[in-house]
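Observations on the three-dimensional arrangement
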Amino acid sequence: MISTVTRNFKGSKAADYEDLDANYNSRNPQDIIEMQSPVPVVPDESYTVGAAVNAFGFGKFQVKLSLFTGLCWMADSMEMTILSILSPALHCDWKITQYQQALTTTVVFLGMMISSTFWGVLSDKYGRKQALTLCSVLLFYFALMSSFAPSFGWILFLRGLVGFAIGCVPQSVTLYAEFLPTKQRAKCVVLLDCFWALGACFEVLLALFVMPTLGWKWLLGLSTIPLFAFACACPWLPESARYHVASGQTEQAEATLQKIARDNGKPMLVGRLVLEDGQMSIRGRVRDLLSTEYRKTSLLLWTIWIATAFCYYGVVLMTTELFENKAPCPGPGPCVSECKRLSSSDYMDLLWTTLAEFPGIFATIFVIERFGRKKTIAAQFLVYTVSMAILHLSMDNRAYLTGMLFISRGIVAGIFQAAYVYTPEVYPTPLRAVGVGTCSAMARLGAMVTPYVAQVLLKTSTTWAVSIYAATAVVAAMAALCLPYETKGAEMKETMVRNQHK
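Residues numbered from 1 in each chain as written. Predicted model: local features only at pLDDT ≥ 70, side-chain atom pairs only at ≥ 80, totals over all residues. Heavy atoms only, no water.

Details of the overall build of the protein
Scanning the protein for helices and strands turns up 20 helices and four strands. Among the 502 residues that make up the protein, the fraction classed as buried is 58%. When contacts within the protein are restricted to residue pairs at least 6 apart in sequence, those whose partners lie at least 24 apart make up 84%. Surface accessibility of the protein: about 19700 Å² in total, with carbon and sulfur atoms responsible for 64%. (Helix = DSSP H or I, 4+ residues; strand = E, 2+ residues; numbered from the N terminus. Buried < 20%, exposed > 50% of the residue type's maximum accessible area, 1.4 Å probe, protein only. Contact = heavy atoms within 4.5 Å. Areas by Shrake-Rupley, 256 points an atom, 1.4 Å probe, with all protein chains shown as cover.)

Some details on the pattern of salt bridges
Enumeration according to the criterion identifies nine salt bridges in this entry. One salt bridge connects R159 with E79, and the closest N-O pair in it is separated by 2.9 Å. Here the residue R159 occupies a position in helix α6 (residues 152-166), and E79 occupies one in helix α3 (residues 60-94), the gap between them amounting to 80 residues. Across the pair, exposure class does not vary: R159 and E79 are buried alike. Notably, a salt bridge pairs E357 with R409, separated by 3.0 Å at the nearest N-O pair. With E357 in helix α16 (residues 357-371) and R409 in helix α18 (residues 398-426), this residue pair connects regions lying 52 residues apart in the sequence. Across the pair, R409 and E357 agree in class, each one buried. A single network of salt bridges, built from pairs that share partners, joins D124, R128, E178 and R432. (Salt bridge = Lys/Arg side-chain N within 4 Å of Asp/Glu carboxyl O.)

Some remarks on empty space enclosed by the protein
Per the stated rule, a full pass over the model turns up four cavities of 30 Å³ or more. Contributing to the lining of the largest cavity are 15 residues, with W73, W196, Y313, F416 and Y420 lying nearest its centre. When residues of the lining of the largest cavity are traced back to their parent elements, those giving at least two are α3, α9 (193-210), α14 (295-324) and α18. In terms of residue class, the lining of the largest cavity is built from 11 nonpolar, one polar and three charged. For the second largest cavity, the full set of lining residues is C72, A75, C135, S136, L139, V169, L227 and F230. Residue assignment for the lining of the second largest cavity shows that the elements contributing at least two residues are α3, α5 (128-146) and α11 (225-233). (1 Å grid on protein atoms, 1.4 Å probe; cavity = no way out; pocket = protein on both sides within 12 Å on 5 of 7 lines; lining within 4 Å. Points joined across faces, edges and corners; volume = space filled by probe spheres on them. Nonpolar A, V, L, I, M, F, W, Y, C, P; charged D, E, K, R; others polar.)

A word on the confidence of the model for the protein
Mean pLDDT over the protein: 79, with 84% of residues reaching 70 or higher. For residues 1-43, every residue scores under 50 in pLDDT, and the model assigns this stretch 59 contacts once sequence neighbours within four places are set aside. pLDDT under 50 marks residues 325-337. Its contacts with residues more than four places away, or in other chains, come to 19 contacts. (pLDDT = per-residue confidence, 0-100.)

Topic: the packing of helix α8 (residues 182-191) against α16
Interhelical geometry of α8 versus α16 gives an angle of 160° and a closest axis separation of 9 Å. Between α8 and α16, the angle falls in the class roughly antiparallel. Every pair of crossing elements has a handedness; the one defined by α8 and α16 is right-handed. Along the contact surface, α8 presents K183, A186, K187, V190 and L191, while α16 presents I361, F362, T364, I365, I368 and E369. Split by residue class, the contact of α8 with α16 holds seven nonpolar, one polar and three charged. (Axes fitted to C-alpha atoms, helices over the stretch in contact; angles between N-to-C directions. Parallel < 35°, antiparallel > 145°, perpendicular 65-115°, else oblique. Left-handed = near helix turned anticlockwise from the far one by under 90°.)

Observations regarding the environment of M388
Along the chain, the position of M388 falls in helix α17 (residues 373-389). Taking the relative accessible area as the measure of exposure, M388 reaches 0% and is therefore buried. Here M388 is in contact with V315, S408, V466, Y469 and A470, once residues within four sequence places are set aside.

A look at the nonpolar core
Formed by 143 residues in total, the largest nonpolar core has its most connected members in M80, L257, Y313, F381 and Y384. Counting residues per element, this core draws most heavily on α14, at 16 residues. (Core = buried A, V, L, I, M, F, W, Y, C linked by side-chain atoms within 4.5 Å.)

In structure tokens, the structure reads:
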């Protein structure tokens with residue numbers, strides 16, 4: 001059948017043809033094969049998953065996957081946003097100290113840190129869909145049980161298990177990115193943050209109506225609704241075709257690609273599905289992240305992820321602490337000062353700072369495709385540094401305080417999404433899930449520390465607290481500029497190759 005297809009080449013010979021997957025963005029229009037047949041044909045009668053995904057483009061299949069992944073992010077966002085509301089409520093109801101408030105947040109991130117690499121290894125060895133399905137069930141169960149906690153000890157235990165399950169959520173980005181065409185990948189991954197921002201806004205609005213009347217237990221229970229919806233949707237998630245190919249399951253990968261072609265209204269590629277370089281790789285080994293090819297990249301990315309989570313959750317927790325405006329603890333020892341519940345105006349200000357994530361998202365989309373991933377991350381960290389440095393200049397002015405927190409949160413939300421774009425792109429398929437999972441684990445290390453700055457040190461010295469965040473952002477900006485590879489316009493690697501282009 002292939003021999004009957006008439007091909008015309010403009011500006012190049014057939015012998016000069018290079019693989020679509022590796023050169024999708026570098027070829028000129030005159031180099032593209034023109035065919036009289038509507039069926040795409042690869043000259044060597046073989047194609048890769050990346051070539052197929054690029055040929056099928058962004059369509060109905062990706063739209064459905066965007067909604068599934070977005071629902072997962074919305075549920076995760078609500079569980080994270082509730083941390084800034086739960087601690088003050090427990091302080092009032094159970095008279096817990098400031099250090100116990102910080103521990104309520106830290107234990108969630110501890111669970112995430114412990115489990116993130118585990119979920120990454122599981123995803124690389126047994127598939128992204130299997131890991132996400134298991135995590136969704138566990139996350140819903142433990143989150144719902146948290147609403148029935150009879151004591152502070154039970155809250156810590158159950159929220160720690162919630163954090164353990166949340167550690168798998170970044171793998172939804174891994175799955176999503178592996179189905180995106182090269183040109184749309186950065187934009188789509190960044191736009192996922194819209195679902196995160198929607199979840200955060202919904203949680204604040206839910207708290208505004210539930211907390212004054214029903215209390216925090218009802219808030220915890222009602223916040224599990226998106227988790228239940230995502231758990232029900234998991235059976236319809238597709239498994240990554242890149243994972244199937246990397247694990248030797250070519251028939252399953254071809255079936256998934258045929259579904260993409262049908263959903264997007266495109267003809268299936270003719271030829272044999274092959275691995276990028278025809279070699280199988282051992283999947284999901286953490287030690288490979290520190291191999292010669294990836295050591296520098298991994299260490300710098302871990303620094304960036306730690307700083308990003310430290311700065312992001314610092315702003316989230318600092319917002320409620322500054323709006324709550326409790327008096328400092330008198331004398332030494334644990335603080336058990338009189339509580340001040342969040343008022344309607346406090347929730348509205350929290351909502352305004354949460355809405356800052358939307359302009360942060362669109363600013364990141366505008367910048368990341370023009371200047372690349374590395375420069376975008378570095379520049380955003382520097383802007384965050386400036387916003388933190390001048391935050392404390394007028395702490396008594398509520399409008400000024402809200403405005404600076406608005407800018408800080410919008411910028412750092414954009415950094416998080418830029419990191420989520422870069423990390424799956426820089427690692428090959430056998431290491432992609434464990435690479436994202438390990439970076440997520442490192443991020444939780446930063447998130448574990450930040451409550452003691454945003455909720456404890458802030459009470460003693462606002463200047464010292466914001467200075468620590470500003471200094472951390474400067475270090476992270478330098479790390480971003482030192483990353484060895486720029487992934488803008490590059491295709492995702494399917495195997496562990498030895499030579500990567502900077």
